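Below are the chains, spelled out letter by letter.
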Amino acid sequence: MRKITMRDFRWMGKPQSWEKDYRSVSLTVEPQMQLPEGPLLLAVTDDDFSCNMTLSSDGNGVFSGVCFYHLDTDFIGVGMSAESLEVHVVIGGYRNYCRIPHIADNTPVTWRMNRRGSQLSIGYSRQGESPVNWVGTFTLPGVERSISFGPYFANEGNEEAKASMSALDYRKET
């Protein structure tokens, strides 16, 4: 498969207000939106790959993160807000959710996604940090041939919030 670019990403759970070009995406995240119903921007690949993307969001309870998505019943998402890190693991429709207090400012976060067959790894680093903080390596059933992946945005609050994606770097692994 060819190299994934910003043009390859398609909305699932399209936001009401957004702008997308070949370099970045900016959007408004509606109140009370959660993964997977909220804005989810996905590309599909059959390659083993490494991908970095920079995400940001504003407001308390507003999460930006990344997701490996196979079906509505099988996905993994890891996101961060100013006050916590969240991990969603859904397999066969059974949901496991974890929220970890994590005080941070709203500076952009660079997310790292790796795929090696059915092994899916997610990590992050803040601006100015060089090592990746790996959250975990996961497996999902049925992803040996291809996988959808990309950023998601969630908003627990009662007001709209701004979020963005930029600096996409996709590398096919051999």
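This one's a predicted model, so the numbers in the text were calculated from it and none came from an experiment. (Residues numbered from 1 in each chain as written. Predicted model: local features only at pLDDT ≥ 70, side-chain atom pairs only at ≥ 80, totals over all residues. Heavy atoms only, no water.)

Q: Which residues make up the sheet that holds strand β14 (residues 161-173), and what values go with them?
A: Spatially, the 7 strands line up as an open sheet ordered β2-β3-β14-β5-β10-β11-β12, and their pairing is antiparallel. Where the open sheet ends on each side, the last strands, each with one partner, are β2 (17-20) and β12 (133-139). Averaged over all neighbouring strand pairs, the angle between strand axes comes to 20°, with direction disregarded. Bridge count between strand β5 (residues 48-57) and strand β10 (residues 109-116): 7 bridges; the pairing is antiparallel. (Pairing = 2+ DSSP bridges. Helix = DSSP H or I, 4+ residues; strand = E, 2+ residues; numbered from the N terminus. Axes fitted to C-alpha atoms, helices over the stretch in contact; angles between N-to-C directions.)

Q: How would you summarise the environment of R171 if you had to cite specific residues and measurements?
A: Considering the arrangement of structural elements, one finds R171 in strand β14. When the C-alpha atoms of R171 and I4 are compared, they prove to be 8.2 Å apart, with 167 residues separating the residues in sequence. For R171, the contacting residues outside a window of four places in its chain are D48, F49 and S50. (Contact = heavy atoms within 4.5 Å.)

Q: Hey, could you go over the nonpolar core for me, with residue numbers and the actual values?
A: Where a protein is soluble and globular, its nonpolar side chains tend to be buried together. Counting residues in hydrophobic clusters, the biggest one holds 36 residues, and the most contacted among them are F49, M53, F68, W111, I122, F149 and M165. Element by element, the count of residues in this core is highest for β5, at 4 residues. With 10 residues, the next largest nonpolar core counts L35, L40, F75 and V90 among its residues. (Core = buried A, V, L, I, M, F, W, Y, C linked by side-chain atoms within 4.5 Å. Buried < 20%, exposed > 50% of the residue type's maximum accessible area, 1.4 Å probe, protein only.)

Q: Now, about unusual backbone geometry: what can you tell me, with residues and values included?
A: Cis rather than trans, the peptide bond between L35 and P36 has omega equal to 5°. When you line up the elements, P36 lands in the loop between β3 (25-29) and β4 (40-45). Look at Q32: it is not a glycine, yet its phi comes out positive at around 60°. Inspection of the secondary structure assignment puts Q32 in the loop between β3 and β4. Residues other than glycine seldom take positive phi values, yet A167 does so here, at roughly 55°. Tracing the backbone through its elements, the reader meets A167 in strand β14.

Q: Please provide a residue-by-residue account of the pairing of β12, values included.
A: Relative to β12, strand β11 (residues 119-126) runs antiparallel, the two sharing 6 bridges. Residue pairing across strands places Q119 opposite T139, the latter belonging to β12. A loop of 6 residues connects β11 with β12, the two strands running antiparallel in sequence, and G128 in this loop sits at a positive phi of about 90°.

Q: Can you break down the environment of Q127 residue by residue, with the values?
A: Turning to its location among the elements, Q127 is positioned in the loop between β11 and β12. Placed 73 residues apart in sequence, Q127 and T54 show a C-alpha to C-alpha distance of 9.4 Å.

Q: Which residues make up the pairing of β14, and what are the values?
A: The side chains of a regular strand alternate, residue by residue, between the two faces of the sheet. Where β3 and β14 come together, 5 bridges link them in antiparallel fashion. Within β14, the position partnered with S26 by the bridge is S164. Judged from the 9 bridges that link them, β5 and β14 form a sheet pairing that is antiparallel. The partner of F49 across the bridge, within β14, is K172.

Q: Explain the sheet that holds strand β7 (residues 74-80) to me, using residue names and the numbers behind them.
A: If you walk across this open sheet you meet the 7 strands as β1-β4-β13-β6-β7-β8-β9, and the pairing is antiparallel. Across the chains shown, the open sheet's two edge strands, defined by having one partner strand only, are β1 (10-12) and β9 (94-101). Each adjacent strand pair in this sheet contributes to an overall mean axis angle of 20°, direction not counted.

Q: Explain the side chain of E86 to me, using residue names and the numbers behind them.
A: The topology assignment puts E86 in strand β8 (residues 84-91). Note on E86: relative accessible area 0%, which makes it buried. Here Y97 takes part through its side chain, which lies 2.9 Å from a polar atom of the side chain of E86. In this structure, E86 is in contact with F63, G77, V78, G79, Y97, C98, R99, Y152 and A154, ignoring residues within four places of it in sequence. (Polar contact = N/O pair within 3.5 Å; in protein donor to acceptor, adjacent residues only side chain to side chain.)

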